[in-house]
Amino acid sequence: MLTPVTSVPIPAILEIGKGTVFSLERILKQHGFVNAVFLFDDFTYQTYRQDILDSISEVKITALLMPSDLDIQDLIKKAFEMERYDVVIAMGGGTVIDYGKYIAFSRRSPFLSIPTSASNDGFASSNCSLVVNKKKTTVPARVPYGIIADLEIIQHVPNRFILAGIGDLLSNITALYDWEFEEKHGAARVNHFAYMLSKKVVNSFIRTPMTDIRDPILLKELISSLTLGGISTVISGNSSPISGSEHLISHALDKIALQPQMHGIQVGIATYIMANVQEHRAERMMKVFTRTGFFDYVKGLGLNKEEYRQAIEIAPTIKPNRYTYLHDEVYRKKALRFLDEDKLLQEFFQ
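Residues numbered from 1 in each chain as written. Predicted model: local features only at pLDDT ≥ 70, side-chain atom pairs only at ≥ 80, totals over all residues. Heavy atoms only, no water.

**Student:** Which residues make up the overall build of the chain, and what values go with them?
**Tutor:** Secondary structure assignment for the chain yields 16 helices and eight strands. For the chain, the C-alpha radius of gyration of 20 Å lies close to 20 Å, the compact-globule estimate for 350 residues. The dimensions of the chain, computed from C-alpha atoms along their principal axes, are 60 × 55 × 40 Å. The buried share among the 350 residues of the chain stands at 53%. Relative to all contacts within the chain whose residues are 6 or more apart in sequence, the contacts with residues 24 or more apart total 75%. (Helix = DSSP H or I, 4+ residues; strand = E, 2+ residues; numbered from the N terminus. Rg over C-alpha atoms; globule rule 2.2 N^0.38 Å. Buried < 20%, exposed > 50% of the residue type's maximum accessible area, 1.4 Å probe, protein only. Contact = heavy atoms within 4.5 Å.)

Right, dumping it as structure tokens:
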């Protein structure tokens, strides 16, 4: 009997350092790309476009400013209106990165991701969030052929973007515990390599010195860990290695909150709640969120406790096919009690 062969698409390029965005021509030539479509959002178009184009002389670049309100039909139309190219590049926040991933997916071409912040793992994942029939929907996309992260850019983003990335990364801890819980109840099967990878990257980050969240060592570790977390989802074929009950709470908040917070901020708060519900590594998580200033930032947001209560209650309906801790009524009630009884959480709410 033949042994099954697993083919996993992973990035061939991962460059993290100062000034890497201005090494783009070298990177493109090394990989045989001579004709590129370069997508910018409004900020990167105004701030970096000209300097980047001035640094490239031997590769043909078609630079495009992408509106922020495109839906999936707009993207498909734009993808097939473009002339032939070797690679799609996108630089900016999550929206333009998702546009680039989906255009590359539609045209079956390589994609280079240049994130300007480390606020979540979307710059490395195999899906994207697009508007479909006027509703934000997760759809398949192209796994990046390469990721280029310029620390000189990422170091200067507001603190909330870095803290959001930390919140999103630490959710691997509760997500993996949910995945084990699902397997015990016959609702899922854990891919052990994806599990190991997701666990190791978050453990690696936790061991990083955290006296300054703008320290290049911490940022490089955060970006690398978020990247490998994204790769774990490619290996498993689903988001389970990095997304569990804590993400369901965040998705529910996106639906009901009057003023939803950044994805990674909501996920980080929900991760703290679920780690205490699961009684798994909550103390370690508390230390990381305290040392990085995550909790101090959240205390200034004036969150609404009732919205978090509703989010916990409706979380299982977000993905009814899963069976996380919150799909079990016993643990859902435990989460609601923790919401009322935890002294730290009371400092977050108005």
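**Student:** With reference to specific residues and values, describe the sheet that holds strand β1 (residues 13–17).
**Tutor:** Sheets are built from strands that pair by backbone hydrogen bonding, the pairs being arranged parallel or antiparallel. Pairing is parallel across the open sheet formed by six strands, whose spatial order is β1-β8-β5-β4-β2-β3. Here the strands that pair on one side only, and so sit at the sheet edges, are β1 and β3 (60–65). Strand after strand, the sheet turns through a mean of 15° between neighbouring axes, direction not considered. Across two bridges, the pairing between strand β5 (residues 111–115) and strand β8 (residues 146–150) is parallel. (Pairing = 2+ DSSP bridges. Axes fitted to C-alpha atoms, helices over the stretch in contact; angles between N-to-C directions.)

**Student:** Quick one: what's the story with the nonpolar core, residue by residue and with numbers?
**Tutor:** Judged by nonpolar contacts, the single largest core of 92 residues is most densely connected at L39, I103, I166, L170, I249, I269 and I273. Sort the elements by how many residues they give to this core and helix α7 (residues 159–184) lands first, with ten residues. With residues up to four places along the chain from it excluded, the contact list for I249 reads A270, M274, A311, I312, A315 and L326. Counting 21 residues, the second-largest nonpolar core is a separate cluster that includes I13, V21, F33 and M91. (Core = buried A, V, L, I, M, F, W, Y, C linked by side-chain atoms within 4.5 Å.)

**Student:** Got a sec to walk through the side chain of K101? Specific residues and values, please.
**Tutor:** The residue K101 is located in helix α5 (residues 94–107) in this model. Look at K101 and you get buried, because its relative accessible area is 0%. With near-sequence residues (within four places) excluded, K101 lies in contact with F111, G122, S125, N127, C128, A141 and R142.

**Student:** Before we move on, can you summarise helix α8 (residues 192–206) with the specific residues and values?
**Tutor:** Taking 1.5 Å per residue as the helical rise, α8 with its 15 residues ought to reach 21 Å, and the 21 Å between its terminal C-alpha atoms agrees with that figure. Among the residues of α8, A194, Y195, L197, S198, V201, V202, N203, F205 and I206 are the ones counted as buried. In this fold, the buried residues of α8 make contact with α7, α9 (216–236) and α12 (282–291). In this structure N191 caps α8, since a side-chain oxygen of it lies 3.1 Å from the backbone nitrogen of F193. (Expected span 1.5 Å × (residues − 1). Polar contact = N/O pair within 3.5 Å; in protein donor to acceptor, adjacent residues only side chain to side chain.)

**Student:** Describe the environment of D340, listing the residues and the values that go with them.
**Tutor:** Structurally, D340 can be placed in helix α15 (residues 329–341). Along the primary structure D340 and A311 are separated by 29 residues, whereas in three dimensions their C-alpha atoms are 14 Å apart. Not counting residues up to four positions away in its chain, the partners in contact with D340 are K305, R309 and Q346.

**Student:** Pulling in residues and values, what's your account of the side chain of S232?
**Tutor:** Mapping S232 onto the fold places it in helix α9. In contact with S232, not counting residues within four places along its chain, are A194, L197, S198, P241 and I242.

**Student:** Tell me about the packing of helix α10 (residues 245–256) against helix α11 (residues 263–278), and name the residues and values.
**Tutor:** Following both chains from N to C, one finds α10 and α11 inclined at 135°, their axes separated by 8 Å at the closest point. As the angle between them shows, α10 and α11 are arranged oblique. For the pair α10 and α11, the sense of crossing is right-handed. Contacts between α10 and α11 pair S245, E246, H247, I249, S250, H251, L253 and D254 from the former with H263, Q266, V267, A270, T271, M274 and Q278 from the latter. Looking at side-chain class alone, the contact of α10 with α11 contains five nonpolar, eight polar and two charged residues. (Parallel < 35°, antiparallel > 145°, perpendicular 65-115°, else oblique. Left-handed = near helix turned anticlockwise from the far one by under 90°. Nonpolar A, V, L, I, M, F, W, Y, C, P; charged D, E, K, R; others polar.)

**Student:** Explain α15 to me, and be specific about the residues and the numbers.
**Tutor:** The end-to-end C-alpha distance of α15 is 18 Å, a good match for the 18 Å that 13 residues give at a rise of 1.5 Å each. Within α15, the full set of buried residues consists of R332, A335, L336, F338 and L339. End-on view of α15: buried residues confined to an arc of 160°, all on one side of the axis. Residues of α15 that are exposed and point over 90 degrees away from its buried face: V330 and E341. Taken together, the buried residues of α15 touch α11, α14 (305–318) and α16 (343–348). (Arc of directions from axis to C-beta.)

**Student:** Let's hear about unusual backbone geometry: which residues, and what values?
**Tutor:** Positive phi is not limited to glycine here, since R108 has a value of about 55°. Topologically, R108 is positioned in the loop between α5 and β5.

**Student:** I'd like to hear about the pattern of salt bridges, residue by residue, with values.
**Tutor:** All chains considered together, the criterion is met by ten salt bridges. Between D340 and R309 there is a salt bridge; the shortest N-O distance is 2.7 Å. Highlighted residues: D340 in helix α15 and R309 in helix α14, separated in sequence by 31 residues. Members of the salt-bridge network, linked through shared partners, are K305, E306, R309 and D340. (Salt bridge = Lys/Arg side-chain N within 4 Å of Asp/Glu carboxyl O.)

Note that every value here comes from positions in space, so none of it alone points to a role or purpose.
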